[in-house]
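What follows is each chain in one-letter form.
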Amino acid sequence: MGTWAVDAFGNDFALDWAQDLQESKDLFFIEDTLNNVLSPDSADYLEAPFAAEGLAAIEVLARLYGKPGENGENTQDVDAWVEEVSKKTTKRRTDLIEKSQRAIEHILSDRSELRELWEDSEHYAEWRASVDELKKRISASI
């Protein structure tokens, strides 16, 4: 995985996912991504691509609900998507917020390849802080 930053969009998996998001005009793609993270197939071991995509989906949802993270070059298309979809989506989906919280717990668990990869790097503490901050933002959007 090409990774250059600890934030949700600091890797190739998330940016590829964000490109696919542009084809979506509602929250189905986000929900489908969260369902992949939480699926029985991922219960024993969550592979890194699914975890990275899950964090990207949660970041988009947090942005949609007014709790954005940092903006940057990698978030411009996502922010444009959020602006367009927010015109059509006015009701908060508490079920997606709850799924997001559960997904983060799974991503941080000892059954997560992404957590293992970061734990083996010198930037684990920074990545963990970034994920914890995202968890706070998504939880505050209820």
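In case you missed it, the structure is sitting above this.
Residues numbered from 1 in each chain as written. Predicted model: local features only at pLDDT ≥ 70, side-chain atom pairs only at ≥ 80, totals over all residues. Heavy atoms only, no water.

Comments concerning helix α5 (residues 94-107)
Spacing of three or four residues puts side chains on the same side of an α-helix, whose turn is 3.6 residues. In plain terms, the rule: Secondary structure elements are taken from DSSP: a helix is a run of H or I of four residues or more, a strand is a run of E of two residues or more, and numbering for both begins at the N terminus. Helix span, expected: 1.5 Å multiplied by one less than the number of residues in the helix. Each residue is placed in one exposure class: buried if its accessible area under a 1.4 Å probe, protein chains only, is under 20% of its type's maximum, exposed if it is over 50%, and partly exposed if it falls in between. We call two residues contacting when some pair of their heavy atoms lies within 4.5 Å.
Over its 14 residues, α5 runs 20 Å from end to end, which matches the ideal 20 Å to within 8%, given 1.5 Å per residue. Within α5, burial applies to Leu 96, Ile 97, Lys 99, Ser 100, Ala 103, Ile 104, His 106 and Ile 107. Where α5 is buried, its residues contact α2 (28-38), α3 (48-64), α6 (113-119) and α7 (124-139).

Topic: the nonpolar core
Rules: To qualify as a nonpolar core, a set must consist of buried Ala, Val, Leu, Ile, Met, Phe, Trp, Tyr and Cys residues joined through side-chain atoms within 4.5 Å.
Within the largest apolar cluster, 40 residues are counted, with the highest numbers of intra-cluster contacts made by Trp 17, Ile 30, Leu 55, Val 60 and Leu 114. Mapped by element, the contributors of at least two residues to this core are α1 (12-21), α2, α3, α4 (76-86), α5, α6 and α7. Per-element tally for this core: the top contributor is α3, with 11 residues.

Description of the layout of surface pockets
Rules: In the cavity and pocket records, a cavity denotes points on a 1 Å grid over the protein atoms alone where a 1.4 Å probe fits but cannot get out, a pocket denotes an open set with protein on both sides within 12 Å along at least 5 of 7 lines, and lining residues are residues with an atom within 4 Å of a point. Grid points are joined across faces, edges and corners, and a volume is the space filled by probe spheres set on the points. Each residue is assigned to one of three groups, with Ala, Val, Leu, Ile, Met, Phe, Trp, Tyr, Cys and Pro labelled nonpolar, Asp, Glu, Lys and Arg labelled charged, and all others, Gly among them, labelled polar.
Put simply, the largest pocket is a space of about 430 Å³. Elements that contribute at least two residues to the lining of the largest pocket include exactly α3, α6 and α7. In terms of residue class, the lining of the largest pocket is made up of 12 nonpolar, nine polar and seven charged.

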